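Remarks on the overall topology
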Amino acid sequence: MPLLHDIPGDVYRSWPGVHSGLLNEIARSPAHARHYQLEGRKDTPALCLGRKTHYACLEPDKWREMWMLAKVGPMTKAFQAAQDANPDRIVVTEDQQEQINAMTMAVWDHPEARRILSAPGGIETCAQWTDAETGLPAKVRLDKYTNDHILADLKTTLDASPRKFMNAAIAYGYHRQAAWYRRGYREATGYTGPLPFRFIAVEKAPPFVVAVYEMSSDDLDCVDRDVQRLLRTWAECVRTDNYPGYGDECRPMPLPEYALVGGDGVEITYDGEEMKL
């Protein structure tokens, strides 16, 4: 099936099939993936901000038509009431609108980000296919592809510096998402040539610094092989109607070296926050 344009988000979400969010849950455990499949993902302020920033950066004409200002706090009953009363609008607070405007301007002021986003191609483009090995239905929604075969994904982040963003990418499965997007694009277009994948990362706080990163083709190939392993795991779970967690047996828990010898420790991302162990 070819790339599909102008598919509303709710229509895409209604399609059956494995997608990058489900893949990340399968990587955690099939039990988590099954819960996600049945119950969906709990919305968070970070996810909400990311969605709104996507609209503003990638689909500015739609954003201008859809956004609506609510002069209330973001996590209040009044805010929810405003959203419930206007289901076809995107309700934002004054602070959110200032933040989204600043991030959008920063993205479009960045030369490489602007070059990618303004290049001829497609925005929020969808694809559906069937995995040849497992028979599982699959789907993808691409932030941006260019006619000269570059894929890009916009990410809001606390820290867009190289090491911190890489840590966040691993923690949130962005590398898996990149391999999945590449796979979906190839399935939909039949294109087999070089297919660079770039992240456009924009920080959520002043000065709203932007960075653009590209994953190597070798890394994407490696991640893609792991994606296929996850698909095989999920296909077996579906076949047997069994979705295990972390295992029933007692397992060893060796401590990492930094916990044994002291030193500067290691920084991790946990629930959207940077922590130093």
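Residues numbered from 1 in each chain as written. Predicted model: local features only at pLDDT ≥ 70, side-chain atom pairs only at ≥ 80, totals over all residues. Heavy atoms only, no water.

With that out of the way, let us pick up the packing of helix α10 (residues 174-189) against helix α11 (residues 217-240). Running from N to C, α10 and α11 point in directions that differ by 90°, and their axes come no closer than 8 Å. Here α10 lies roughly perpendicular to α11, going by the angle between them. Touching H175, R176, A178, A179, W180, R182 and R183 of α10 are S217, L220, D221, V223, D224, D226, V227, Q228, L230 and L231, all from α11. The residue inventory of the contact of α10 with α11, partitioned by class, reads 8 nonpolar, 3 polar and 6 charged. (Axes fitted to C-alpha atoms, helices over the stretch in contact; angles between N-to-C directions. Helix = DSSP H or I, 4+ residues; strand = E, 2+ residues; numbered from the N terminus. Parallel < 35°, antiparallel > 145°, perpendicular 65-115°, else oblique. Contact = heavy atoms within 4.5 Å. Nonpolar A, V, L, I, M, F, W, Y, C, P; charged D, E, K, R; others polar.)

Let us now look at the pattern of salt bridges. Summed over the entire model, instances satisfying the criterion amount to 15 salt bridges. Here D61 and R64 are joined by a salt bridge, their closest N and O atoms 2.4 Å apart. Residue D61 and its partner R64 are both found in helix α5 (residues 60-66); the two are separated by 3 residues, about one turn of the helix. Like D61, the residue R64 is exposed in the burial classification. Within this structure, E112, R115, R198 and E214 form a network of salt bridges that share partners. (Salt bridge = Lys/Arg side-chain N within 4 Å of Asp/Glu carboxyl O. Buried < 20%, exposed > 50% of the residue type's maximum accessible area, 1.4 Å probe, protein only.)

Turning to the state of the cysteines, a few remarks are in order. Inspection of every chain in the model, using the stated rule, returns 0 disulfides. Of the cysteine sulfurs around C57, a residue in no disulfide, the closest is that of C48, at 15 Å. (Disulfide = S-S within 2.5 Å.)

Right, let's talk about the sheet that holds strand β3 (residues 121-130) for a bit. What the 5 strands build is an open sheet, ordered β3-β4-β5-β6-β7; its pairing is mixed. If you trace the sheet from one side to the other, it starts and ends with β3 and β7 (210-215), each paired once. Strand-to-strand, the axes of this sheet are offset by a mean angle of 40°, without reference to chain direction. In this sheet, strand β5 (residues 151-157) lies alongside strand β4 (residues 137-146) in antiparallel orientation, the contact comprising 2 bridges. Directly across from K144, in β5, lies its bridge partner A152. The sheet contacts of helix α4 (residues 45-58) involve β3, β4 and β5, and relative to β5 the element is tilted by about 130°. With respect to the sheet, helix α7 (residues 94-109) is in contact with β5, β6 (197-203) and β7, its orientation differing from that of β6 by roughly 135°. (Pairing = 2+ DSSP bridges.)

Moving on: the environment of T233. Among the structural elements, T233 can be located in helix α11. Counting along the chain gives 206 residues from T233 to A27, while the straight-line C-alpha distance between them is 9.4 Å.

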